[in-house]
Amino acid sequence: MNHSENKQTAKNQNILRILWQLFTATFTLSAFTFGGGFVIASLMKRKFSDELGWFSEEEMLDITAIAQSSPGPIPINASVIIGYRIYGITGSLVAVLGTALPPMIIISVISVFYNQFRSNRIIAIALQVMRAGVAAVIFDVVLNLAKNVCKTKRILYIGLMIAAFTAVWFFNLSAMIIIFACLFIGIMDAVIDTIKIREKNMD
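Thresholds applied
- Residues numbered from 1 in each chain as written.
- Predicted model: local features only at pLDDT ≥ 70, side-chain atom pairs only at ≥ 80, totals over all residues.
- Heavy atoms only, no water.
- Helix = DSSP H or I, 4+ residues; strand = E, 2+ residues; numbered from the N terminus.
- Rg over C-alpha atoms; globule rule 2.2 N^0.38 Å.
- Buried < 20%, exposed > 50% of the residue type's maximum accessible area, 1.4 Å probe, protein only.
- Contact = heavy atoms within 4.5 Å.
- Areas by Shrake-Rupley, 256 points an atom, 1.4 Å probe, with all protein chains shown as cover.
- Lys, Arg positive; Asp, Glu negative; His and termini not counted.
- Charge placed at Lys NZ, Arg CZ, Asp CG, Glu CD.
- Salt bridge = Lys/Arg side-chain N within 4 Å of Asp/Glu carboxyl O.
- Axes fitted to C-alpha atoms, helices over the stretch in contact; angles between N-to-C directions.
- Parallel < 35°, antiparallel > 145°, perpendicular 65-115°, else oblique.
- Nonpolar A, V, L, I, M, F, W, Y, C, P; charged D, E, K, R; others polar.
- Core = buried A, V, L, I, M, F, W, Y, C linked by side-chain atoms within 4.5 Å.

### Points about the overall build of the protein chain
- A tally of helices and strands in the protein chain yields eight helices and zero strands.
- From first element to last, N terminus to C terminus, the protein chain shows the α and β order α-α-α-α-α-α-α-α.
- Computed over its C-alpha atoms, the radius of gyration of the protein chain comes to 21 Å, more than 25% above the 17 Å expected for a compact globule of 203 residues.
- Seen along its three principal axes, the alpha-carbon backbone of the protein chain occupies a region of about 70 × 65 × 25 Å.
- Split into buried and exposed, the 203 residues of the protein chain put 22% on the buried side.
- When contacts within the protein chain are restricted to residue pairs at least 6 apart in sequence, those whose partners lie at least 24 apart make up 55%.
- When the accessible surface of the protein chain is split by element, carbon and sulfur atoms take 69% of a total near 14100 Å².
- Each charge class in the protein chain can be summarised by its mean position, and for the 17 positive and 12 negative side chains these summaries are 9 Å apart.

As structure tokens, then:
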């Protein structure tokens, strides 16, 4: 076996290691995360940004924003983007498989024993306790996202955050309307910044 073949073999092994790491990460997060997409999005940020260092904090926030504003479950949407950024379509398929398998297995088991689960007092109490934990995790997600918005020191972004909270909490406005409104304002802000940069460069 020559040097080029050794190099190719090492490269293939490295790819397989990364894909396996991606699968186990998404599988573990999906299997042990309760509370919906907002919770798993925060845990994905900790896993892929803080622990593995595959993405910067800003990139993970962008991925979370895209996943939340796109149709479909947030964890699956985030997995598609994360997997694609790591290793193209193959990475997306691996990440989606890792994310989809745990709930599919768990829900399948629960559906078979649904009546037993429904009438079991211990399970009912356990679910009530889990809700308290989920509420704490979601609150932590909100605080982290708010902190990151404040770190930008942009009055526009901070003002949008406050306005969005006010619209949801006091006026019960649809989250979808708020997301699209923020998206539109964000695009307009980016366009204005681009025009300013071009004008500055021309001068």
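### Some words on the pattern of salt bridges
- With the rule as written, the count across this model stands at three salt bridges.
- Notably, a salt bridge pairs Lys47 with Glu51, separated by 2.9 Å at the nearest N-O pair. In this pair, Lys47 and Glu51 both sit in helix 2 (residues 37-51), four residues apart, roughly one turn of the helix.
- Judged by relative accessible area, Lys47 falls into the partly exposed class, the value being 23%.
- Take Glu51: its relative accessible area is 55%, and that puts it in the exposed class.

### What to know about unusual backbone geometry
- Even without glycine at this site, Lys153 takes up a positive phi of about 60 degrees.
- Overall, Lys153 belongs to the exposed group, its relative accessible area being 73%.
- Of note, the phi angle at Asn172 is positive, near 50 degrees, even though the residue is not glycine.
- If you trace the backbone, Asn172 turns up in the loop between helix 7 (155-171) and helix 8 (175-202).

### Considering the packing of helix 6 (residues 121-151) against helix 7
- Interaxial distance between helix 6 and helix 7 falls to 8 Å at its minimum, and their mutual angle equals 150 degrees. It follows from the interaxial angle that helix 6 and helix 7 lie roughly antiparallel. Residues Ala146, Val149 and Cys150 of helix 6 lie in contact with helix 7, whose contacting residues are Tyr157, Ile158 and Met161.
- Split by residue class, the contact of helix 6 with helix 7 holds six nonpolar, no polar and no charged.

### Some thoughts on the nonpolar core
- Core analysis: the largest hydrophobic core is formed by 19 residues, its most contacted members being Leu22, Met44, Phe48, Phe55, Met60, Ile63 and Ile82.
- Among the elements of the structure, helix 1 (3-31), helix 2, helix 3 (57-69) and helix 4 (74-112) are those that each provide at least two residues to this core.
- Examining the composition of this core, we find that six residues originate from one element, helix 1, more than from any other.
- If sequence neighbours within four positions are ignored, Phe48 has contacts with Leu22, Ala25, Thr26, Leu29, Gly53, Trp54, Phe55, Met60 and Ile82.

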